[in-house]
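# Structural features, examined
Spelled out from the first residue to the last, the chains are:
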Amino acid sequence: MDTPGAVSWRGYWPAAPTPFAADGSLDEDAWRALLRLYAEQGVHGVLVNGTTGEWFSQTPEERRRLAEIAVAELSGQIPVVIGCGAFTAAECVRYGEHARAIGADGILTTPPPYVHPSQDEIHAFYRTLSDAVDLPLMVYNWPRGTAVDITVDTLVRLAALDTVVAVKDSSGDELKVADTCAALAGEVRVFGRFIHRRGMAVMAEFGGAGNIDGGALGAPFAVPFYEAYWAGDLDRARNWSARYERLVNLLVNDDYSSRFASPTSQLKAAMRLLGQPGGHVRPPLLPLEDPSALLRLSEALDEAGLHPCSTSTGKR
């Protein structure tokens, strides 16, 4: 495989939701429409079958099909990274091998959820995946979902693995993200929360690749933020970051939980309000249907400048 420095991953990426129809079936037409929307919005990469993609409620066949469609729709335009999350390294490897076979740009996984692995076990898990799949690998640190936090020291060890090229940090700990950027500068690309003035300072001092957001509601603000930042127009970048921060503060709590429902249920309700092809959630998640909560969500989107199609139920 090419050296880690060969990947150019950066900027604002959606962790794409998987559109399900009302009956729970996979809505391939909506999936294609969503991928095309992301291309139109100018996002800088797409993550498929991550947490927001509800990988946990999909069959292996569905996960592979979604990956195949995403690569077919977006290959050559922006990076497509496939989530390979699973409870064992062997299962992650199978998804990783499929991602490589279809021409994906890379793969991502958290440590195995539920099992509370030690730091050495986390390293062994990623080493197994790195040894088996010759494809750029993004390490995903998400303590809220896995109940383990990958330490900076362990991230340094993981960065030495042949295929590890990036880290997605969703810990919500900004100081730790800054420490991670400093420790891994020049080694791997770090995705975290950088669309604010403190984040700009971290990127300027230690580096920082970008943000990977559930669903990319913030694309209208975050895409021009990064492009202004890269161009050196810091005043313009600050203006876009303020609009993005406003949206995030209205919808998301500091620990990455959401204000009106569980994160993916809130996201898909918001997308429906905005006329975007997010589809429905699949059990064990439940749709956000409470009229009062939907009204408050609609008002929050409107306050952030996204202007929903409906201010009542979001049903179209």
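This section reports on the structure supplied with the text.

Conventions adopted
Residues numbered from 1 in each chain as written. Predicted model: local features only at pLDDT ≥ 70, side-chain atom pairs only at ≥ 80, totals over all residues. Heavy atoms only, no water. Axes fitted to C-alpha atoms, helices over the stretch in contact; angles between N-to-C directions. Helix = DSSP H or I, 4+ residues; strand = E, 2+ residues; numbered from the N terminus. Parallel < 35°, antiparallel > 145°, perpendicular 65-115°, else oblique. Left-handed = near helix turned anticlockwise from the far one by under 90°. Contact = heavy atoms within 4.5 Å. Nonpolar A, V, L, I, M, F, W, Y, C, P; charged D, E, K, R; others polar. Patch = residues over 30% accessible without salt bridge, like charges linked within 9 Å, V, L, I, M, F, W, Y side chains within 5 Å. Areas by Shrake-Rupley, 256 points an atom, 1.4 Å probe, with all protein chains shown as cover. Salt bridge = Lys/Arg side-chain N within 4 Å of Asp/Glu carboxyl O. Buried < 20%, exposed > 50% of the residue type's maximum accessible area, 1.4 Å probe, protein only. Phe/Tyr/Trp six-rings, centres within 6.5 Å; stacked < 30°, edge-to-face > 60°. Lys NZ or Arg CZ within 6 Å of the ring centre and 35° of its normal.

This part covers the packing of helix α10 (residues 234–251) against helix α12 (residues 291–304). Close contact between α10 and α12 brings their axes to 9 Å; oriented N to C, the two are set at 165°. In terms of orientation, α10 and α12 fall into the roughly antiparallel class. The handedness of the crossing between α10 and α12 is right-handed. Contacts from Arg 246, Leu 247, Leu 250 and Leu 251 of α10 reach α12 at Leu 297, Ala 300, Leu 301, Glu 303 and Ala 304. Here the contact of α10 with α12 is composed, by residue class, of 7 nonpolar, no polar and 2 charged.

What follows is about a nonpolar patch on the surface. There is a patch of nonpolar side chains on the surface, built from Phe 87, Tyr 114 and Val 115 and spanning about 370 Å² of accessible area. With respect to the helices and strands, Tyr 114 occurs in the loop between β4 (106–109) and α4 (119–132). Taking the relative accessible area as the measure of exposure, Tyr 114 reaches 70% and is therefore exposed.

This part is about the packing of aromatic side chains. Scanning the entire structure with this criterion turns up 11 aromatic pairs. Plain terms: the ring middles of Phe 125 and Tyr 126 are 5.3 Å apart, the flat faces sit at 85° to each other, and that makes the pair edge-to-face. Aromatic pair Tyr 140 and Trp 142: ring centres 6.2 Å apart, planes at 20°, arrangement stacked. Ring-pair connections join several aromatic residues into one group, and the members of that group are Phe 225, Tyr 226, Tyr 229 and Trp 230. Over the ring of Trp 230 we find Arg 10, and its NZ or CZ is 3.6 Å from the ring centre.

Moving on to the pattern of salt bridges. Oppositely charged side chains can form a pair if their charged atoms are brought close together. Under the criterion given, the structure shown has 14 salt bridges. With its nearest N and O atoms 3.8 Å apart, the salt bridge here joins Arg 32 to Glu 73. Of the two residues, Arg 32 is situated in helix α1 (residues 28–41) and Glu 73 in helix α2 (residues 60–74); the sequence distance between them amounts to 41 residues. For Arg 32, a relative accessible area of 21% corresponds to the partly exposed category. Arg 198 serves as the salt-bridge partner of Glu 174, at 3.0 Å between the closest nitrogen and oxygen. Of this pair, Glu 174 sits in helix α7 (residues 174–184) while Arg 198 is found in helix α8 (residues 197–206), placing the two residues 24 residues apart along the sequence. For Glu 174, a relative accessible area of 30% gives the class partly exposed. The class of Arg 198 is exposed, set by a relative accessible area of 52%. Where salt bridges share partners, they join Glu 28, Arg 32, Arg 36, Arg 65, Glu 68 and Glu 73 into one cluster.

These values are about where atoms sit, not about what they do.
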